[in-house]
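Structural overview
In case you want the letters, here they are:
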Amino acid sequence: FPDIFHAGKQEMLERAGKRVWGSLTGDELETRRIWFRELQEKLKMPVPEYVIVKGYSELMELLKDHGRCFIKTTSKIRGSMETHEFHDLEQDEYWLDQLKTRLGPAREQVSFLVEEPVETGFETGIDTYCIDGKFPKTPMQGIEVKGKLILCSAQTQSPTPTPLDDALSSLSPELELRGYRNFLSAEFRGDMLTDLCARCPNPGIGVEMEMISNLGDIILSGSGGELIEPEYEYEFGIQAAIYHDHDEELWRQFRLPDGLRRWVKLMEFCEDDGLYQIIPRRPYGKKIGWLVGVGNSIEDAAKHLHENAEALRGLPFDIKLDELAEAVKQADEAEKAGFEFSDQPIPSPDEVLP
C-alpha cells in the first residue's frame, strides 16, 4: 500500500496474519493537517505561524485585509482544493469563487488552516522509510522545485542536517504507536517541517527506485517489522517532470526508444502492443510522468538526465530540465545555512545545464 486512505484494509490483513507494507493509521499525520500542527506544537517542534478558521465566510473575512499566505484544509476534500498560495483578494478572486462553488453547501462546515510564509532561500526535504518508528541511518535529502524537478543526495558520506533528524526523532513514537511501515517524505523550510507525506512520494520515488539497489528487500523485510539499511548504487538522482503537448482530455500515445523505459516513470498509463497510453482522467493535466538521471556526482546525474532527454527528442514532450539550475542554487543556499547536502562541492547552475 504505497498510498494513503487504506488503513482499515491494512489492519484487517494484519489481523489475518499477512505481511503489510503500508502507513496504516499513520496516514493521519498527512491527512489531518490541523491535528498534525497541534501535535507538532505538543512535541515542541517549530511550526509556521498559523490560524484556523471555520467555514468559507470566516475565511473571506480573514483574507479581506491579509497579504500573502498559504491556505490548506483537510485531505478529506482533496481534489476540491489543494494547498493554495494566496496573494490578495484581487488576484485570487476567481480561485475563491471557484472554491465556493466546488464546496457547495458544505462550504461553511470546512475548516481551513491559514499559514504565514516561512521566508527562506531554499526548501529541502528528506525521503526515507519508517518501520515501527525506526528509520534507516542513510536517508536521502531532496531539493524540490515544486512539481517540476527534484534533486536528491544519498546521505552516505555527509551527515543528515540536524533539524531533519530531530523532526523524525520527535515523530518516531507516534509512528511506532500506529504501526507505520512505509515510505515517508518530509518537506522543510529552514528548520520547520511544513508538510509530511506519509506515503510513497512523487517526485522522489522515481530516483529511489534507481538509486537504491535493494528496494525490494527493504519492502519485504519492512512488511515483517525488520528494518534493513538501503544499499545505494548511485549517490545522486534527478527526477524531472515530463509534459505532453497534446490535449490532456484525449488519450496520448507514444513509443519509447529502446533502453529508455527504466528511466521514464509514467503516471496514469497502460501499454498496448508496445504503445504507451496516457489515460485521460480528472483532474486533467499536461504532466504525464518523470525522467530520471543518476550518477555519483551531481554533474554525472545531470549528464545522464540530459542524455536521456536527448534520446526522447522528436516526441511531443516538454521536460523541465531548466529547473535543475534552480535546484542546485537552492542546494547551495541550504549549505550556506548549515544544511549540508553533499560532501562534494555544489556545482554552479551553468555546470548542470546542457
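Residues numbered from 1 in each chain as written. Predicted model: local features only at pLDDT ≥ 70, side-chain atom pairs only at ≥ 80, totals over all residues. Heavy atoms only, no water.

**Digging into a negative patch on the surface**
Taken together, Glu-299, Asp-300, Asp-350 and Glu-351 make up a surface patch of like negative charges. Within the residue set of the negative patch, elements represented by two or more residues are α9 (298-311) and α11 (349-352). Tracing the chain through its elements places Asp-350 in helix α11. (Patch = residues over 30% accessible without salt bridge, like charges linked within 9 Å, V, L, I, M, F, W, Y side chains within 5 Å. Areas by Shrake-Rupley, 256 points an atom, 1.4 Å probe, with all protein chains shown as cover. Salt bridge = Lys/Arg side-chain N within 4 Å of Asp/Glu carboxyl O. Lys, Arg positive; Asp, Glu negative; His and termini not counted. Charge placed at Lys NZ, Arg CZ, Asp CG, Glu CD. Helix = DSSP H or I, 4+ residues; strand = E, 2+ residues; numbered from the N terminus.)

**Notes on helix α3 (residues 33-42)**
Residues of α3 that are buried: Phe-36, Arg-37, Leu-39 and Gln-40. Each buried residue of α3 lies within a common arc of 160° when the element is viewed along its axis, so the set occupies one face. Next to the buried residues of α3 lie α2 (28-31), β1 (50-54), β2 (69-73), β4 (111-115), α6 (162-177) and β9 (192-197). Lys-44 sits one or two residues past α3 and shows a positive phi near 60°. (Buried < 20%, exposed > 50% of the residue type's maximum accessible area, 1.4 Å probe, protein only. Arc of directions from axis to C-beta. Contact = heavy atoms within 4.5 Å.)

**As for the pattern of salt bridges**
Under the defined criterion, the tally for this structure stands at 24 salt bridges. Note that Arg-37 is salt-bridged to Glu-115, the shortest N-O span being 2.5 Å. Of this pair, Arg-37 sits in helix α3 while Glu-115 sits in strand β4; the two residues are 78 residues apart in sequence, bridging distant segments of the chain. For Arg-37, a relative accessible area of 2% puts it in the buried group. According to the relative accessible area criterion, Glu-115 is buried, its value standing at 3%. For Glu-85, the salt bridge identified is with Arg-68, shortest N-O distance 2.6 Å. Within this pair, whereas Glu-85 is found in strand β3 (residues 84-86), its partner Arg-68 is found in the loop between α4 (56-63) and β2, the two being separated by 17 residues in sequence. Taken together, the shared-partner salt bridges in this structure form one network comprising Glu-28, Arg-32, Glu-174 and Arg-178.

**Thoughts on the sheet that holds strand β11 (residues 252-254)**
Strand pairing in a sheet relies on backbone hydrogen bonds, with the paired strands running either antiparallel or parallel. In spatial order, the strands read β11-β14-β13; together these 3 strands make up an open sheet with antiparallel pairing. Two strands in the sheet have a free side with no partner beyond their single neighbour: β11 and β13 (269-272). Between one strand axis and the next, the sheet turns through 25° on average, direction left out of account. The sheet contact formed by β13 and strand β14 (residues 275-278) spans 4 bridges and is antiparallel. What sits directly across from Glu-271, in β14, is Tyr-276. (Pairing = 2+ DSSP bridges. Axes fitted to C-alpha atoms, helices over the stretch in contact; angles between N-to-C directions.)

**Focus: the pairing of strand β7 (residues 149-154)**
Summarising burial for β7: 6 of the 6 residues are buried, a large majority. Side-chain alternation along β7 places Leu-149, Leu-151 and Ser-153 on one buried face and Ile-150, Cys-152 and Ala-154 on a second face that is also buried. Here 6 bridges tie strand β6 (residues 140-145) to β7, and the two strands are oriented antiparallel to one another. When the bridges of β7 are listed, Gly-142 appears paired with Cys-152.

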